[in-house]
Structures are given as C-alpha cells and as structure tokens.
Amino acid sequence: MLNRLSRPAVRLVERYLPDAYLLVLLLTLVAAASAMLVERQTPVAVLRMWGEGFWGLLAFSMQMLLVLATGFMLASTPLVKAWLARLAALARGPGSAIVMVSLVSLAASWINWGFGLVVGALFARELAAQVRVDYRLLVASAYSGFVVWHGGLAGSIPLTIATEGHFMADAMGVVPTTRTIFAPYNLAIVALLFVVVPLVNRWMLPPSGEAVLHVPEAEPSAPPHADAASPADRLEDSRWLSWLVGLAGIGFLADHFIGGGGLDLNIVNQAFLMLAIVLHGTPRRLLASLQQAVRGGAGIVIQFPFYAGIMAIMVDSGLAATLSQGFVSIATERTLPFWSFIAGGALNLFVPSGGGQWAVQAPIMVPAAETLGADVAKVAMGVAWGDAWTNLVQPFWALPVLALAGLKARDIMGFCLVQLLATGLVIGACLLWL
C-alpha cells in the first residue's frame, strides 16, 4: 500500500519541485509578501530586514561545509571504507539495506544531528555499491533518520532550557532533561520512530523493474609524483607530520571528554578531521580526498544566506510570532503540546533552526502553558519535535546529505513526504495522549 502511495508522491515531487536554490528564492518572496500583507510592513522595511539578516548564518554555513568535507574525508580513508563495506555486506537484499541504513541513521542522529547526517549518507553510498537497491529511496531512508535528532542527546531546545540562566529561566525555571529528553513520552516517541521509520521506508521499496540504481563514483587516489621527488614532495608523502598533528588533536578531544565536555557540531567536525588526518596517513592523500569532498558544497554556500534572510524577515516582522499565536489561540491544556508541535513544524519551513524557533516561540508558548496549566516541558518538546518533523521536507538540512550522495532534493522528497505523514501521526498522537 505504501509503495502505491509513494509512487504518485515521487512523481509529483519530481515533476513540480524545483531545484533547492529556486525553492529558497520562492520562499524568500513568500516570506516578504506575507510580512507586507499580514504584518503591514512596508517594502523598504522588509528589504532592510532581509538585507541586514542575509549574512546571519555565516558561522553555521562554515560548520555545515566542514560537516560535508570532514565526513567525506573520514569515510574515504581505507580503514573506514573497510568498516562500512563490512557492515554493508550484512545486507541480504534491497529490503534489508533500506532497514539497515534507516536504523544506523536513526541511532547516529539521536546521538548527534551532525554525526547522523554524515554517517547516514556515507553508509548509503557504501550500500549502493554492494546492493542493487533504489538509490533515491536509500538516500531518503538515510535522511529520514534525522527526524529524531531534537528528541535526542543533542536536542538544542531541551539542552537550552536545562542550562542555568537561559533566556526564559525567569518564566519557566531550569527544566532538567529528565522532563524532556528522558521523559517517558519522549522516549516512547523515539522508540516508536525506531520501528515506524524503517518499516515505512521498507514498504515504499519499488519493484526491481522500477528501481533507480546508481553506484557513486569512486574517490580518486592521490596524484602520482615524479620518482625524483623534491623535498616538498617528500614532505607531502611523509606520515610523521600528519600523525604528529592528528594525534595531538585526538589528545585534545580525549581531554575534552574526560573533563566532562559534550558532543556538539564543532567537536564532531574536529573529531572527523583529526581522524581523517591520521588515517589517510599523508597530506597528499588527505588533500586528494578534500578536492572530491568540496565539490558538493556549492548548495550550502549559495543557499544558506538566503535562509538567513528569510529567518530575519519572519522574526523581525513579527510574522513568526503571529503564526505561533494563531495556533495557541485554539489550544487547551491537553492540546497545547500538540499545537506547539504543529506550529513548530509550520515555522520550521521558514526558520530552519531549532534555537531560532525557540527564541521566537518561547515568549508565546511558555506564558500560554502557564495560563492553561499545561506541562511547560512537554510544550517545549512539542516545539522541538515540530522543528525536527518538517526537516523531512526542508532542503536546508538535506543539502549535506544530497551533496555526499550526489542527488538533488527532488530525488528524495517524494519518499520523505510519505515519511512526513507517517511520523507526524506518531509524534502528534504521543503528544496528545501520553
């Protein structure tokens, strides 16, 4: 049944979904027009909001480029390639490959979202090289595991409100993770998604005659050099320099974790980079891998500034607050977590940032929870799950995965649309009744 349902969704998306760059341009126009029509902002005011916010994601853009580059470099080392190949060899057919990549992505994303994006995409590449399976669905399955990240160990909203002195501390206090990440209802959502996501992906598997097969091109080896190597050539082929610097970086990471440090995006990138330096062995091999890795970063470079501009329009014009208030106005004590989930999902299409969304929605959702007598921790997790949920159809977060896989957004979004419906039912039902 899901295979029959996914077919029209895939055809619809392939036919009508534009390139991710064109989509962000359309979203820019929609946000600008909405700010003028709904919030009565002048064209000049909207133009200023957009222009002044355009470069607001520069640091994050660099982080995402490094997610792409460092993850690829690590995966192209002989040791990691052998591990991925050995794990992929456990797949006994297309169905088991889909289930395996879904579970690996879910587990990795629950630990850390950046880790999950890279690991899922790289494992999908390796599976495609060994199993005859629809590559579009394989990559979509790898990306679908990302849906659990905000309910996991690196969820930005639950970690923010568990931090002393956070910006809403006066209104809601400090909320421990026992009431958010490790609350029974949240663990139930995660457990159910670990069952539902792989099954839905498996049931969407097209017949072998309709499968789109693709084996990603092999990574190039390091370029040869002349036998009479110069001192510079010998240095590029030496191992001692890479090992000295790489092992020093690994030593820093060990000290970081021993001292109680956490796992964030910078630490993930640093770990991937230092391991890649050590495992590639020579600077020449590392740089050859880097040249291949950066080819897919164009989408991140050109699109993220536009998303920063959209976020500025939504927040500064008051449009994001108006959207959240609209959902709060129809909520009750029992349904407020559910409506915060729906509001978070809708807002995420224009403000694809968990921390950014919470900054907009917290001043609305927290007082509403207090007025209605709702569980403020559960309301916050409703916003968090809404943010994670519509990431399934938000190209912003899919760009690193698509770059690593060599696909376009339209190739996977039809499958992700079906997954959006399935996971939305699970998350919404748990927020309503648990």
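This is a predicted model, so every value here is computed, not measured.

### Quick look at the overall build of the protein chain
Then step 1. When you go through the protein chain residue by residue, the secondary structure sums to 22 helices and 0 strands.
Then step 2. The C-alpha radius of gyration of the protein chain comes to 22 Å, within 12% of the 22 Å expected for a compact globule of 434 residues.
Then step 3. By residue count, 54% of the 434 residues in the protein chain fall in the buried class.
Then step 4. The contacts of the protein chain with a sequence gap of at least 6 include a subset with a gap of at least 24, amounting to 81%.
Then step 5. Element-wise, carbon and sulfur atoms account for 68% of the exposed surface of the protein chain, whose accessible area totals about 18400 Å².
Then step 6. A gap of 11 Å separates the mean positions of the 23 positive and 23 negative side-chain charges of the protein chain.

### Notes on the side chain of N186
Then step 1. Residue position: N186 is located in helix α11 (residues 184-203).
Then step 2. The class for N186 is buried, based on a relative accessible area of 0%.
Then step 3. Ignoring anything within four residues of it in the chain, the contact list for N186 reads G151, T180, I181, M381 and W385.

### A short note on the layout of surface pockets
Then step 1. The calculated volume of the largest pocket comes to roughly 550 Å³.
Then step 2. Along its surface, the largest pocket is lined by 28 residues, and G296, L402, A403, G406 and L407 are the ones closest to its centre.
Then step 3. Counting residues per element, the ones that place at least two in the lining of the largest pocket are α4 (58-75), α15 (283-293), α16 (298-316), α21 (395-405) and α22 (409-433).
Then step 4. With 6 residues, the single largest contributor to the lining of the largest pocket is α21.
Then step 5. In the lining of the largest pocket, the residues fall into 16 nonpolar, 6 polar and 6 charged.

### Some thoughts on the UniProt feature "transmembrane region" (unreviewed entry) in the protein chain
Then step 1. In this structure's numbering, the residues bearing the UniProt feature "transmembrane region" (unreviewed entry) are residues 20-38, 50-75, 95-123, 135-161, 181-200, 265-282, 294-315 and 412-433.
Then step 2. Within the segment residues 20-38, helix and strand shares are 100% and 0% respectively, and the terminal C-alpha atoms sit 26 Å apart.
Then step 3. The span residues 181-200 is 85% helical and 0% strand by assignment, and the distance between its end C-alpha atoms comes to 24 Å.

### Quick word on the packing of aromatic side chains
Then step 1. Taken as a whole and assessed by the stated rule, the structure comprises 23 aromatic pairs.
Then step 2. Ring centres of Y21 and F306 lie 6.1 Å apart, and the angle between their planes is 75°; on these two criteria the pair is classed as edge-to-face. Here the residue Y21 occupies a position in helix α2 (residues 20-38), and F306 occupies one in helix α16, the gap between them amounting to 285 residues.
Then step 3. Accessibility expressed as a relative area gives 14% for F306, which makes it buried.
Then step 4. Ring pairs connect the aromatic residues F60, W113, Y143, F146, W149, F304, Y307, F396 and W397, which therefore count as one cluster.

### Points about the packing of α4 against helix α7 (residues 113-130)
Then step 1. Running from N to C, α4 and α7 cross one another at 40°; their axes reach a closest spacing of 10 Å. Judged by the inter-axis angle, α4 sits oblique to α7. Crossing handedness for the pair α4 and α7: right-handed. Here α4 contributes F60, M64, V67, G71, F72 and A75 to the contact with α7, which in turn contributes W113, G114, L117, V118, L122 and R125.
Then step 2. Residues that form the contact of α4 with α7 fall into these classes: 9 nonpolar, 2 polar and 1 charged.

### Some details on a nonpolar patch on the surface
Then step 1. Together, L235, W240, L241, L244 and V245 make up an exposed nonpolar region whose accessible area comes to about 480 Å².
Then step 2. Considering each element in turn, the nonpolar patch owes the most residues, 4 residues, to helix α13 (residues 240-258).
Then step 3. For L235, the location among the structural elements is in helix α12 (residues 231-236).

### Digging into the environment of W50
Then step 1. Turning to its location among the elements, W50 is positioned in helix α3 (residues 43-53).
Then step 2. W50 sits in the partly exposed class, given a relative accessible area of 26%.
Then step 3. Once the C-alpha coordinates of W50 and G318 are considered, the two residues, 268 residues apart in sequence, prove to be 13 Å apart.
Then step 4. In contact with W50, not counting residues within four places along its chain, are T28, F306, G309, I310 and I313.

### A look at the side chain of S317
Then step 1. You can see S317 is positioned in the loop between α16 and α17 (319-328).
Then step 2. Among the polar contacts made by the side chain of S317, one reaches the main-chain amide nitrogen of L319 at a distance of 3.2 Å.
Then step 3. Leave out the neighbours within four places in its chain, and S317 touches A35, E39, Q41, M49 and A312.

### Concerning the confidence of the model for the protein chain
Then step 1. Looking at the protein chain, pLDDT values average 88 and 96% of them are 70 or higher.
Then step 2. When mean pLDDT is taken per element in the protein chain, α11 scores highest with 97 and helix α1 (residues 2-16) scores lowest with 77.

### Thoughts on unusual backbone geometry
Then step 1. Within the chain, R40 stands out as a residue other than glycine whose phi angle is a positive 60°.
Then step 2. By the element assignment, R40 lies in the loop between α2 and α3.
Then step 3. Judged by relative accessible area, which is 67%, R40 ranks as exposed.

### What about the pattern of salt bridges?
Then step 1. Summed over the entire model, instances satisfying the criterion amount to 5 salt bridges.
Then step 2. A salt bridge links D375 to R179; its shortest N-O distance comes to 3.2 Å. Note that D375 is positioned in the loop between α19 (354-372) and α20 (376-389) and R179 in the loop between α10 (169-172) and α11, a separation of 196 residues in sequence.
Then step 3. On the basis of relative accessible area, R179 is assigned to the partly exposed category, the value being 36%.
Then step 4. Measuring nitrogen to oxygen at the nearest pair gives 2.8 Å for the salt bridge that ties R284 to D237. On the criterion of sequence distance, the pair formed by R284 in helix α15 and D237 in the loop between α12 and α13 is long-range, its members being 47 residues apart.

Conventions used here
Residues numbered from 1 in each chain as written. Predicted model: local features only at pLDDT ≥ 70, side-chain atom pairs only at ≥ 80, totals over all residues. Heavy atoms only, no water. Helix = DSSP H or I, 4+ residues; strand = E, 2+ residues; numbered from the N terminus. Rg over C-alpha atoms; globule rule 2.2 N^0.38 Å. Buried < 20%, exposed > 50% of the residue type's maximum accessible area, 1.4 Å probe, protein only. Contact = heavy atoms within 4.5 Å. Areas by Shrake-Rupley, 256 points an atom, 1.4 Å probe, with all protein chains shown as cover. Lys, Arg positive; Asp, Glu negative; His and termini not counted. Charge placed at Lys NZ, Arg CZ, Asp CG, Glu CD. 1 Å grid on protein atoms, 1.4 Å probe; cavity = no way out; pocket = protein on both sides within 12 Å on 5 of 7 lines; lining within 4 Å. Points joined across faces, edges and corners; volume = space filled by probe spheres on them. Nonpolar A, V, L, I, M, F, W, Y, C, P; charged D, E, K, R; others polar. UniProt positions renumbered as here; feature names shortened; annotations may be inferred. Phe/Tyr/Trp six-rings, centres within 6.5 Å; stacked < 30°, edge-to-face > 60°. Axes fitted to C-alpha atoms, helices over the stretch in contact; angles between N-to-C directions. Parallel < 35°, antiparallel > 145°, perpendicular 65-115°, else oblique. Left-handed = near helix turned anticlockwise from the far one by under 90°. Patch = residues over 30% accessible without salt bridge, like charges linked within 9 Å, V, L, I, M, F, W, Y side chains within 5 Å. Salt bridge = Lys/Arg side-chain N within 4 Å of Asp/Glu carboxyl O. Polar contact = N/O pair within 3.5 Å; in protein donor to acceptor, adjacent residues only side chain to side chain. pLDDT = per-residue confidence, 0-100.

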